[in-house]
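# Structure at a glance
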Amino acid sequence: MVTKKTPVKTPAKVAPVKSRTPKPKTEQTINVSVAAPVAKAEAKKDDSTLGKVIGLIEWVDNPFKLFTVILLSFLAFAGYFAWDSRQVILQAITNQDKMPQLVKQEELLVPARSLLKDVDGLVLLVHKANLTTNSRTTVLALNSDGTREKTMEGTVTSLFNASADRNAAMVAMLNNEILCEEFNPSSKVGEWGVKQGVKFMCRGSIPPDMGKFAGYVAIGFKEKPEDIAALKTRINLAATDMSEE
């Protein structure tokens with residue numbers, strides 16, 4: 001028996017596999033735009049009264065600014081006061097031409113000296129008023145003994161000014177009230193009164209009638225009188241005699 005030889009197959013040639021050297025990766029530059037640092041949020045302003053005051057103090061860094069603040073403060077106060085008392089002031093100014101007049105200076109002396117003696121005052125002043133020009137003229141100034149202080153007579157000052165006491169007294173007299181209070185001078189005439197020892201003063205309209213204001217009488221004292229009600233009555237009686245009406 002013949003055995004057949006199985007032909008041996010030659011293995012197929014396999015093409016050599018080329019090894020690929022990996023290419024180095026190109027570095028990618030990523031442009032990241034960095035935002036500028038965000039400015040800190042502005043501190044919240046303190047709108048309280050204390051905050052505003054502190055801010056104002058920080059703002060005033062030279063004499064000119066200080067003067068400006070003082071001037072504006074005065075104007076603001078004057079404006080508020082005028083607005084708050086506008087009806088009384090407007091009515092008085094409107095009726096200025098119809099207002100009664102003070103009697104002549106010689107005729108003022110008798111009721112003025114009598115009042116000064118009866119109430120035991122240190123000084124007595126009679127002022128003529130002009131609401132249209134916001135001025136007053138001192139027409140009579142008496143010492144405690146009834147003698148005239150002629151250096152004060154003829155002095156012209158304002159009716160309304162930066163003095164709260166003066167302004168309150170003016171409105172009270174326009175409303176036919178007599179205002180008695182501790183005295184704080186706000187004029188040359190007032191400073192003279194202080195030198196005479198005045199610490200308390202009463203002011204009353206001439207004549208003592210609502211809506212009529214020719215001027216006013218002021219009596220200064222060393223201290224507050226005991227009977228203010230009786231004092232006011234006596235002032236009104238004298239003020240009646242000081243007016244032509």
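Structural data are supplied above this passage.
Report follows, based on the coordinates. (Residues numbered from 1 in each chain as written. Predicted model: local features only at pLDDT ≥ 70, side-chain atom pairs only at ≥ 80, totals over all residues. Heavy atoms only, no water.)

### Here's the deal with the pairing of strand β2 (residues 135-142)
Note the following rule: Burial here depends on accessible area, computed with a 1.4 Å probe over protein chains only, as a share of the maximum for the residue type. Under 20% is buried, over 50% is exposed, and the range in between is partly exposed. Secondary structure elements follow DSSP: runs of H or I no shorter than four residues count as helices, runs of E no shorter than two count as strands, and numbering proceeds from the N terminus. Strands were regarded as paired on the criterion that DSSP finds at least two bridges between them.
Across the eight residues of β2, seven count as buried, placing the element largely inside the fold. Alignment of strand β1 (residues 123-130) against β2, held across seven bridges, turns out to be antiparallel. Each bridged residue has a counterpart across the sheet, and for Leu-124 the counterpart in β2 is Leu-142. The hairpin turn running from β1 into β2, its antiparallel successor, is four residues long, and Asn-134 in that turn takes a positive phi close to 50°. Two elements, β2 and strand β3 (residues 156-158), share three bridges in a ladder whose sense is antiparallel. Within β3, the residue paired with Arg-136 across the bridge is Thr-157.

### Here we look at the nonpolar core
Here is the rule we go by: Among buried residues, the Ala, Val, Leu, Ile, Met, Phe, Trp, Tyr and Cys ones that are joined through side-chain atoms within 4.5 Å form a nonpolar core. Two residues qualify as a contact provided that any one of their heavy atoms is within 4.5 Å of a heavy atom in the partner residue.
One finds Leu-124, Val-126 and Val-217 to be the most contacted residues of the largest nonpolar core, which totals 28 residues. Going through the elements one at a time, α4 (105-119), β1, β2, β5 (200-206), β6 (215-221) and α7 (228-241) are the ones with two or more residues in this core. For Leu-124, the contacting residues outside a window of four places in its chain are Ala-112, Leu-115, Leu-116, Leu-140, Ala-141, Leu-142, Val-217, Ala-218 and Ile-219. Ala-129, Met-170, Phe-183 and Tyr-216 belong to the second largest nonpolar core, which has 20 residues in total.

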